[in-house]
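# Examination of the molecular architecture
Below are the chains, spelled out letter by letter.
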Amino acid sequence: MNRFGSMVYIQPMNQFDVSKHPHRRWNPLSEEWILVSPHRALRPWKGSVERTVPSERPRHDPKCYLCPGNNRAGGVVNPYYEGTYVFDNDFSALLPDGLEENAAESCCGLVREKAERGLCRVVCFSPRHDLTLAEMSEADIRRVINVWCDQYEDLATRPFINAVTIFENKGEMMGCSNPHPHGQIWATESIPMQLAREICSQGKYFEQYARPMLLDYLHWELKQDVRILFRNDHFAALVPHWAIWPFETLILPMFPVSRITDLSPEQRNSWANIMRQLLIRYDNLFEISFPYSMGLHQIPADGQEYDGFQFHQHFYPPLLRSASIRKFLVGYEMLGEPQRDITAESAAERLRSLPGKHYRT
Ligand code: H2U
Ligand code: ZN
């Protein structure tokens, strides 16, 4: 009885279980918390896959600005390329050297601006309009890796370039303007914010433990064997413990390496192999060409040492439960912090359970 004369029921405390109860997880790379609400995803999965009509694309589209032999904006004509093809973006977000250096500050530093130089390139992965990386052979993905390495080498050695960001924006849902398999490279004078954060967090870890953070993390994950998707001699793919996007993944090398140009030919083969395994599972998940933003994080190209920095590849796919239901980072996520329902562990289990053969073959 309490002092108002009514019965007090003491609820037994629920034993905390990460697979059932709301909790926060720490992202040691970006140094941010994320909220996980697994109880919302406990409703049974009916496995219903909304089958979308696969969009049959021609091998060559006369209207595509990336297909061989076609016109691009500004009148340039693409060569009849047979493998990969790289060109300077006709609508580059950055302009190269030649502009005067400029930085200004006012209002006690609250208002700041700084001129930014850089180069933007487009990388066509294949002359075939109807393919994606997921449907390309391992050897062809390996050729794309070689192009990325050559581009890194070329851009990183330019005096005004300090960081090279290689990425792919895939699918209409991600705002990609063209289904022709392609990615982009932005080489910048400044170190972009996401990379700067990851340099800082990995640097602090290295200072404390004298080992690369992502290598220690990978060794721990390999022992746990819960979020690991696949591994080969040199690389592993996993759903990071702190993933925000439902099927977010990370490809990690199993040895210390800070830039892709330092990968040996065998290591590059292994990377192509693991990337292909992952991309096939992604497409098989909802039997569609799976949209995502993917990118490489490498050491800055400013000639400085960044102890503990480990090269890695992020995949951020927006899809949640089906081919058409996407996750938005809105509301609480814009004003509070990111949140997810299905846990990283169950996402990994789903991805692992998918066949290794592409659904279209
Ligand atoms: P997406 O990967 O977001 O679809 O972008 C394709 C890029 O291709 C985009 O950055 C460039 C756009 O500026 N582009 C050209 O360089 N030339 C063209 O003729 C059209 C598009
Ligand atoms: Zn095309």
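Cut-offs and rules
Residues numbered from 1 in each chain as written. Chains lettered and ligands numbered in written order. Predicted model: local features only at pLDDT ≥ 70, side-chain atom pairs only at ≥ 80, totals over all residues. Heavy atoms only, no water. Salt bridge = Lys/Arg side-chain N within 4 Å of Asp/Glu carboxyl O. Helix = DSSP H or I, 4+ residues; strand = E, 2+ residues; numbered from the N terminus. Buried < 20%, exposed > 50% of the residue type's maximum accessible area, 1.4 Å probe, protein only. Near = heavy atom within 4 Å. Polar contact = N/O pair within 3.5 Å; in protein donor to acceptor, adjacent residues only side chain to side chain. Areas by Shrake-Rupley, 256 points an atom, 1.4 Å probe, with all protein chains shown as cover. Nonpolar A, V, L, I, M, F, W, Y, C, P; charged D, E, K, R; others polar. Pairing = 2+ DSSP bridges. Donors = N, O, S within 2.8 Å, 3.2 Å for Na, K, Ca; no water. Tetrahedral: all angles 85-135°; square planar, octahedral: opposite > 155°, others 65-115°. Contact = heavy atoms within 4.5 Å. Arc of directions from axis to C-beta. Axes fitted to C-alpha atoms, helices over the stretch in contact; angles between N-to-C directions. Parallel < 35°, antiparallel > 145°, perpendicular 65-115°, else oblique.

### Observations regarding the pattern of salt bridges
- Summed over all chains, the structure comprises 22 salt bridges.
- Between Glu337 and Arg24 there is a salt bridge, and its shortest N-O distance comes to 2.8 Å. Of this pair, Glu337 sits in the loop between helix 5 (332-335) and strand 14 (339-340) while Arg24 sits in strand 1 (residues 23-27), and the two are 313 residues apart along the sequence.
- A relative accessible area of 11% means that Glu337 is categorised as buried.
- One salt bridge in this structure joins Glu32 and Arg197, with 3.2 Å as the shortest N-O distance. One end of the pair, Glu32, is in strand 2 (residues 32-36); the other, Arg197, is in helix 2 (residues 193-209), with 165 residues separating them in the sequence.
- Looking at Arg197, the relative accessible area reads 33%, which means it is partly exposed.

### Structural notes on the site of ligand 1
- Around ligand 1 there are 13 residues in total, and Ala73, Asn89, Asp90, Ser177 and His182 lie nearest to it.
- In this structure, Ser177 approaches ligand 1 through a side-chain N or O atom, which is 2.7 Å from an oxygen atom.
- Contact distances for ligand 1 include 2.6 Å between an oxygen atom and a side-chain N or O atom of His182.
- In isolation ligand 1 has 480 Å² of accessible area, and contact with the protein removes 87% of it.
- Residues belonging to the shell around ligand 1 are distributed by class as follows: 6 nonpolar, 5 polar and 2 charged.

### Some details on the pairing of strand 1
- Where burial is concerned, the two faces of strand 1 differ: the one with His23, Arg25 and Asn27 is buried and the one with Arg24 and Trp26 is not.
- Direction of pairing for strand 1 relative to strand 2: antiparallel, over a ladder of 5 bridges. Residue pairing in the sheet places Asn27 in a bridge with Glu32 of strand 2.
- Counted between consecutive antiparallel strands, the loop separating strand 1 from strand 2 contains 4 residues, among which Glu31 sits at a positive phi close to 55°.

### Things to note about the coordination of the zinc ion (ligand 2)
- The protein atoms donating to the zinc ion (ligand 2) are Cys64 (SG), Cys67 (SG), His129 (ND1) and His180 (ND1), with metal-donor distances spanning 2.0 to 2.3 Å.
- Taken together, the 4 donor atoms coordinating the zinc ion (ligand 2) and their angles of 103 to 117° define a geometry best described as tetrahedral.
- Taking the relative accessible area as the measure of exposure, Cys67 reaches 0% and is therefore buried.

### A short note on the environment of Leu218
- Positionally, Leu218 belongs in helix 3 (residues 213-224).
- Residues contacting Leu218, with those up to four places away along its chain left out, are Ile228, Ala236, Leu238, Leu252, Pro253 and Met254.

### Observations regarding the sheet that holds strand 2
- Read across the open sheet, the 3 strands follow the order 1-2-14; overall the sheet is mixed. Among the strands making up the open sheet, the edge pair consists of strand 1 and strand 14.
- Taken together, the 2 bridges between strand 2 and strand 14 define a ladder with parallel strand orientation. Within strand 14, the position partnered with Leu35 by the bridge is Gln339.

### A word on helix 6 (residues 344-352)
- Buried within helix 6 we find Ala344, Glu345, Ala347, Ala348 and Leu351. Mapping the buried residues of helix 6 onto a view down its axis gives an arc of 160°, with all of them on the same face.
- Looking at the buried residues of helix 6, the elements they touch are strand 1, strand 9 (228-231), strand 11 (249-253), helix 4 (265-286) and strand 14.

### Here we look at the side chain of His23
- Along the chain, His23 falls in strand 1.
- Classification of His23 by relative accessible area gives buried; the value is 9%.
- A distance of 2.9 Å separates polar atoms of two side chains, one belonging to His23 and the other to Arg25.
- His23 has contacts with Phe16, Val18, Ile34, Leu35, Val36 and Pro38, leaving out every residue within four places of it along the chain.

### A short note on the packing of helix 2 against helix 3
- Relative to each other, helix 2 and helix 3 sit at 80°, their axes nearing to 8 Å. The orientation of helix 2 relative to helix 3 falls into the category roughly perpendicular. In this structure, helix 2 contributes Ser201, Gln202 and Tyr205 to the contact, and helix 3 contributes Met213, Leu214 and Asp216.
- Tallied by class, residues from the contact of helix 2 with helix 3 come to 3 nonpolar, 2 polar and 1 charged.

### So, unusual backbone geometry
- The residue Glu31 is not glycine, and still its phi comes out positive at about 55°.
- Looking at where Glu31 falls in the secondary structure, it is placed in the loop between strand 1 and strand 2.
- Accessibility expressed as a relative area gives 32% for Glu31, which makes it partly exposed.
- Its identity as a non-glycine residue notwithstanding, Asp225 has a phi of 55°, on the positive side.
- Among the secondary structure elements, Asp225 is positioned in the loop between helix 3 and strand 9.

### So, the sheet that holds strand 6 (residues 118-124)
- The strand order across the open sheet formed by 9 strands is 3-6-8-7-12-13-11-10-9, and the pairing between neighbours is antiparallel. Each edge of the open sheet carries a strand with a single partner, namely strand 3 (85-88) and strand 9. For this sheet, the mean angle separating the axes of adjacent strands, direction not counted, is 20°.
- Set on the sheet, helix 3 makes contact with strand 9, strand 10 (235-238), strand 11 and strand 13 (312-316); between it and strand 11 the angle comes to about 110°.

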